[in-house]
Amino acid sequence: MDMPTAGEQQNDTSAEGAFMGTVLLVGLAAIVIAIAAARMVRAGRREAQAEKARLAEEAGRQARRSLETVWTMDDRQFEEFVAHLCRRDGCTDVKRVGGAGDLGADVMGLLPDGRWFVIQCKRYAKHRTVGSRDIQTFNGTARLEHGADVPVFVASCVFTKPARAFAARHGLCLIDINLLGFWNSGTPLTSFLDLDIGRSGSHHRLRPDAE
């Protein structure tokens, strides 16, 4: 059997080295491509999240624009406005009962599923807030005094962070000015009943001249 010459061995070694070098280069190229692809995916996700946030904010602005007349209403007109939205959404036996001695009940009625709801309305200027004391007082009367299955507090401004946290702990539905804009634009009342207002709500005040 013929043994390979030194030259042949050198050629074999060179070929093997070239092959390994090619494999290494291909592997490095694959790693670089994977890193670049991962960066592009992350960038795409960030852009998608930013776009989602922008669209949500724009939707909120559009919804609030439909409420400009709310801040020109008096308390009674605001309560009638809320009662109208309840009737629009299929609620029955809806009554506006707000007035002196109402014990926090401004609108009452039955949801489409038959549950009894009680709503307190606060028609405040857009830059004001509703604090936890008002929510605590309403919580103490809505169920005990009025037998509410679903207590709802509707405001033409935002709720403070402590107010939203209290409502989340005690199962109260809060509809702030942002959600009210969507309600007025056609979103049904029942869509707001299971929202975790402690997490999803905003306590940032609107400026007096905000749209």
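Anything mentioned here points back to the structure above.
(A) Main features of the packing of helix H2 (residues 75-88) against helix H5 (residues 177-184). At a minimum axis separation of 11 Å, H2 and H5 run at an interaxial angle of 50°. The pairing of H2 with H5 is recorded here as oblique in orientation. In this structure, H2 meets H5 at a crossing whose hand is left-handed. Contacts between H2 and H5 involve Phe78, Phe81, Val82, Leu85, Cys86 and Arg88 from the former and Leu180, Trp183 and Asn184 from the latter. Partitioning the contact of H2 with H5 into residue classes produces seven nonpolar, one polar and one charged.

(B) Local environment of the sheet that holds strand E5 (residues 150-155). With respect to topology, five strands assemble into an open sheet ordered E1-E2-E3-E5-E7, the strand pairing being mixed. Two strands lie at the open edges of the sheet, namely strand E1 (92-96) and strand E7 (173-175), each paired on one side alone. Neighbour-to-neighbour, the strand axes of this sheet turn through a mean angle of 15°, independent of strand direction. As defined by bridge partners, E1 adjoins strand E2 (residues 107-110) across three bridges and the pair is classed as antiparallel. When the bridges of E2 are listed, Thr92 appears paired with Leu110. Its contacts with the sheet place H2 against E1, E2, strand E3 (116-122) and E5, and it is angled at close to 145° to E3.

(C) Geometry of helix H4 (residues 161-170). Within H4, the full set of buried residues consists of Ala163, Arg164, Phe166 and Ala167. An end-on view of H4 places all buried positions within 160° of arc, on one side of the element. For H4, the exposed residues set more than 90 degrees away from the buried face come down to Lys161 and Arg169. Within two residues after H4, Gly171 carries a phi angle of roughly 70°, on the positive side.

(D) Up close: the packing of aromatic side chains. All chains considered together, the criterion is met by three aromatic pairs. On the basis of an interplanar angle of 90° and a centroid distance of 5.6 Å, the ring pair of Phe138 and Phe153 is categorised as edge-to-face. A residue pair is termed long-range when its members are at least 10 positions apart, and Phe138 in helix H3 (residues 132-142) and Phe153 in strand E5 qualify at 15 residues. We note that Phe138, like Phe153, is buried. Taking 5.6 Å as the distance between ring centres and 85° as the angle between the ring planes, the aromatic pair formed by Phe153 and Phe159 counts as edge-to-face. Take Phe153: its relative accessible area is 0%, and that puts it in the buried class. A relative accessible area of 0% means that Phe159 is categorised as buried. Each member of the aromatic cluster is reached from another via a ring pair, and the members are Phe138, Phe153 and Phe159. Geometry around Trp71 places Lys126 over its ring, the cationic atom sitting 4.2 Å from the centre.

(E) Inspection of the pairing of E3 at higher detail. With five of seven residues buried, E3 lies mostly within the body of the structure. What sits between E2 and E3 in their antiparallel hairpin is a turn of five residues, with Gly114 showing a positive phi close to 95°. Taken together, the six bridges between E3 and E5 define a ladder with parallel strand orientation. Counterpart to Val118 in the pairing with E5 is Pro151.

Cut-offs and rules
- Residues numbered from 1 in each chain as written.
- Predicted model: local features only at pLDDT ≥ 70, side-chain atom pairs only at ≥ 80, totals over all residues.
- Heavy atoms only, no water.
- Axes fitted to C-alpha atoms, helices over the stretch in contact; angles between N-to-C directions.
- Helix = DSSP H or I, 4+ residues; strand = E, 2+ residues; numbered from the N terminus.
- Parallel < 35°, antiparallel > 145°, perpendicular 65-115°, else oblique.
- Left-handed = near helix turned anticlockwise from the far one by under 90°.
- Contact = heavy atoms within 4.5 Å.
- Nonpolar A, V, L, I, M, F, W, Y, C, P; charged D, E, K, R; others polar.
- Pairing = 2+ DSSP bridges.
- Buried < 20%, exposed > 50% of the residue type's maximum accessible area, 1.4 Å probe, protein only.
- Arc of directions from axis to C-beta.
- Phe/Tyr/Trp six-rings, centres within 6.5 Å; stacked < 30°, edge-to-face > 60°.
- Lys NZ or Arg CZ within 6 Å of the ring centre and 35° of its normal.

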